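Given next are the chains, with one letter for each unit.
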Amino acid sequence: MAPVVAGIVVLDCSEPEKLAAFYKEFLDGEETDATANRVEIKGADGMRMAFRRDVNATPPSWPRPENSLQAHLDFHVDDLDEAERKVISLGGRALETKDGGGPFEERGYADPAGHSFTLRMEAATAPKQG
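Residues numbered from 1 in each chain as written. Predicted model: local features only at pLDDT ≥ 70, side-chain atom pairs only at ≥ 80, totals over all residues. Heavy atoms only, no water.

Attention now goes to the pairing of strand 3 (residues 38–42). Pairing of strand 2 (residues 30–34) with strand 3 involves four bridges; the strand directions are antiparallel. Residue pairing in the sheet places Glu31 in a bridge with Ile41 of strand 3. Connecting the antiparallel pair strand 2 and strand 3 is a turn made up of three residues. Where strand 3 and strand 4 (residues 48–53) come together, five bridges link them in antiparallel fashion. Bridge pairing in strand 4 links Arg38 to Arg52. Following strand 3, the chain reverses through five residues before pairing antiparallel with strand 4; Gly46 in that reversal takes a positive phi of roughly 100°. (Pairing = 2+ DSSP bridges. Helix = DSSP H or I, 4+ residues; strand = E, 2+ residues; numbered from the N terminus.)

Our next topic: the pattern of salt bridges. Following the criterion strictly, the structure yields eleven salt bridges and no others. We note a salt bridge from Glu84 to Arg107, for which the minimum N-O separation is 3.7 Å. Of the two residues, Glu84 is situated in helix 2 (residues 80–89) and Arg107 in strand 7 (residues 104–110); the sequence distance between them amounts to 23 residues. Residue classification places Glu84 among the partly exposed positions, given a relative accessible area of 26%. (Salt bridge = Lys/Arg side-chain N within 4 Å of Asp/Glu carboxyl O. Buried < 20%, exposed > 50% of the residue type's maximum accessible area, 1.4 Å probe, protein only.)

With that settled, consider helix 2. Taken together, the buried positions of helix 2 are occupied by Leu80, Ala83 and Val87. Along the axis of helix 2, the buried positions cluster into a sector of 65°, meaning they face one direction only. Structural note: helix 2 exposes Glu82, Arg85 and Ser89 on the side pointing more than 90 degrees away from its buried face. The residue sitting at the N-terminus of helix 2 and contributing the capping side-chain oxygen is Asp79; that oxygen lies 3.0 Å from the backbone nitrogen of Asp81. Two residues or fewer after helix 2 comes Gly91, characterised by a positive phi angle close to 105°. (Arc of directions from axis to C-beta. Polar contact = N/O pair within 3.5 Å; in protein donor to acceptor, adjacent residues only side chain to side chain.)

By size, the foremost hydrophobic cluster in this structure holds 21 residues, and its most contacted members are Tyr23, Met49, Phe51, Phe75, Phe117 and Leu119. Looking at this core, the elements with two or more residues in it are strand 1 (9–13), helix 1 (16–26), strand 3, strand 4, strand 5 (73–76), helix 2 and strand 8 (116–122). Top element by residues in this core is helix 1. It accounts for five residues. Ignoring any residue separated from it by four or fewer positions in sequence, one finds Phe51 in contact with Leu11, Cys13, Pro16, Leu19, Ala20, Tyr23, Asn37, Arg38, Val39 and Ile41. (Core = buried A, V, L, I, M, F, W, Y, C linked by side-chain atoms within 4.5 Å. Contact = heavy atoms within 4.5 Å.)

Turning to the environment of Val87, a few remarks are in order. You can see Val87 is positioned in helix 2. Sequence separation of Val87 and Phe22 is 65 residues, and the distance between their C-alpha atoms is 8.4 Å. The contacts of Val87, once residues within four sequence positions are left out, are Phe22, Phe26, Gly92, Arg93, Tyr109, Phe117 and Leu119.

It is worth spelling out helix 1 at this point. Of the residues making up helix 1, those classed as buried are Pro16, Leu19, Ala20, Phe22, Tyr23 and Phe26. On an axial view of helix 1, the arc spanned by its buried residues comes to 155°, and they lie on one face. The positive-phi residue at the C-terminal boundary of helix 1 is Asp28, with phi of around 50°.

Here it is, written out as C-alpha cells:
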C-alpha cells in the first residue's frame, strides 16, 4: 500500500480566497475546504489545489531574471484560444514566451497573484511517409 493517499499542489499567495476563485472557475471545480489561511479546490478532472495565505508572498518575475521561475503549472487544453479567453476574463494575464517548438503548442500566463502557468495543446502529427 502506498504511503501517500493524495497529492495537492499548494500555491502561496496573499489572498487565497481570490486565487482559489480564479482556479475554481478556470478548472470548472468546487471548493472542498476552507480555513482562515487556506482554501482547497478540486477541478472537474479531479486535480486538487490549495492556496495558502502568506502575507509576504511575492510572485516570481519569470520570464525576467530578477526572481527566477520557482515552479509552474501545465494545463492541457482542447482549444488554446478558448482557454486563453477564459484565463483573461478571470483576471489572468499573458506572459511573453518563446516558441517551444516540438509537438506541443503552448502559451504562458500568470494568475492574478503572479504564479506562472502554461496552457498546452498537443499538436496532431501525421506519421512519417516513405
